[in-house]
Amino acid sequence: MNVPTAAPRRALPILSAEKIGGLKPELADVIEYRKSGLSLNWIVGCPLECGYCVRHLFDNFEMKVPRRLMSDEEAVTRLVGHPYFRAHRTPIQLLNRATDPMLPIVKPHVFNVLRRLDEQGLTNHVLIITRWRVNPEDCAVLNSFKHLRLTVLVTHSNIANPAIEPVDSTIAAQSLRTLYEHAERYRTVLYWRPIVPGLNDSDTDIEQARELSQHAHATVFTGLFFREEIASYYEAHGLPMPYGETARRKIMPEAAEERILAAFQQGSWGALFRKTSCGVAYAHGEADYNGHYGVRELCDICPEEQIARCHAAWVKPELTAVTQEARVLGATGEVEVNDRAIVVEGLDEPPRYYLQHGFGYQCHDRAKPHHHRQHGRAPIGWKAGNGTRSA
Ligand code: SF4
């Protein structure tokens, strides 16, 4: 079995301090707390050129050759020493914003970091997202970790326009099948995204996703991040504009969701989820670690046994305990715990996710309300009537 026992023999070079200093500060900062977990990004640069890549946001799209910002050892030390890291609890993501973790020159470093985390006996969730090739030897390595709860999410869009999606979706489809076939200790999720109406939501696209959903422990469907920087790239390259405006949150129009759910009600699918953490938790037989159960309308497509699991695990936290932790993190104004979420003021995303993952209960910012049924998504493509508007 090809289990790595030492650092990769042909290691990726580490960028000089001067070059790191030239990166956007957000990109040079290797740890970012995101909703699905504490994200470690010690390698940047990618040759895959997906038109909608978030690297546009970091002015990093032109960097095609992956490079490390620090050694694997230092990356692990920084992660487990991060003030928001909690052993066995904080979900972790590896390389989810500036490269693909399964590129041949990147994956030895990913395996090295996984091994170092696993050797510490950590049982945290670890999420890896790829659209690249995964072979049976990779699966053997992924099965070899004894403690981590590891999930490989395979991004599959079926977008046929090579200017938007240069990587043929059949690569991801094959990787998913291979991962599913060889899964023992890890789990694999079909990450069906980004769904864009008129681009990749035809009946054929939906049928393809249905078929693939049977080769995954769970399927998560979601929309497109369409920020200013990505819109500018589309414009400069003459790509068809998916939406007339940009948004802070992912765009998943109501009509596209309804078409997918109508197909889901009729066909034979694997379990389907709107939220990444729901799919990951289900794949491991656990309750959702983001407390989405508080936003009950998200659960209407969830398998019964999973609803029961989340129901059992979902406990409204004590206001005093929440207020105490929120104040330490810097919350201002009133702290509220209602039947759906903790609501705070004055905390940006990292401390909110810290509270959310700590209490297993949603934590929202009073200034950015989540609207009914449109949970955590942009208002584009949703009917007026609940404080939102149609596109
Ligand atoms: S029951 Fe609700 S919160 Fe739990 S996994 Fe399903 S959708 Fe997510």
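One can find the structure itself at the top, above this paragraph.
Keep in mind that this is a model prediction, so the values were computed, not measured.

### Observations concerning the overall build of the protein chain
Move 1: Counting secondary structure elements, the protein chain contains 13 helices and 13 strands.
Move 2: Computed over C-alpha atoms, the radius of gyration of the protein chain comes to 20 Å, within 12% of the 21 Å expected from 2.2 N^0.38 for 391 residues, which places it in the range of a compact globule.
Move 3: The buried share among the 391 residues of the protein chain stands at 56%.
Move 4: Counting only carbon and sulfur atoms, one obtains 51% of the accessible surface of the protein chain, whose full area is about 16400 Å².

### With respect to the site of the ligand
Move 1: In the vicinity of the ligand, the residues found are Cys278, Asp288, His292, Tyr293, Leu298, Cys299, Cys302, Gln306, Ile307 and Cys310.
Move 2: When atom positions are compared with the pocket grids, the ligand is found to occupy the largest cavity.
Move 3: The dominant element in the shell around the ligand, judged by the number of residues it contributes, is helix α11 (residues 304–313), at three residues.
Move 4: Its residues assigned to classes, the shell around the ligand comprises seven nonpolar, two polar and one charged.

### Regarding the nonpolar core
Move 1: Within the largest apolar cluster, 95 residues are counted, with the highest numbers of intra-cluster contacts made by Leu40, Trp42, Leu94, Leu114, Trp192 and Phe221.
Move 2: Discounting residues that sit within four places of it in the chain, Leu40 has contacts with Val30, Ile31, Ala75, Leu79, Gln93, Leu94, Leu95 and Val113.
Move 3: Listed in part, the 16 residues of the second largest apolar core include Trp314, Val335, Val337 and Cys363.

Parameters and conventions
- Residues numbered from 1 in each chain as written.
- Predicted model: local features only at pLDDT ≥ 70, side-chain atom pairs only at ≥ 80, totals over all residues.
- Heavy atoms only, no water.
- Helix = DSSP H or I, 4+ residues; strand = E, 2+ residues; numbered from the N terminus.
- Rg over C-alpha atoms; globule rule 2.2 N^0.38 Å.
- Buried < 20%, exposed > 50% of the residue type's maximum accessible area, 1.4 Å probe, protein only.
- Areas by Shrake-Rupley, 256 points an atom, 1.4 Å probe, with all protein chains shown as cover.
- Near = heavy atom within 4 Å.
- 1 Å grid on protein atoms, 1.4 Å probe; cavity = no way out; pocket = protein on both sides within 12 Å on 5 of 7 lines; lining within 4 Å.
- Sits in = over half its atoms within 2 Å of the grid points.
- Nonpolar A, V, L, I, M, F, W, Y, C, P; charged D, E, K, R; others polar.
- Core = buried A, V, L, I, M, F, W, Y, C linked by side-chain atoms within 4.5 Å.
- Contact = heavy atoms within 4.5 Å.

Taken by themselves, the reported measurements are silent on function.
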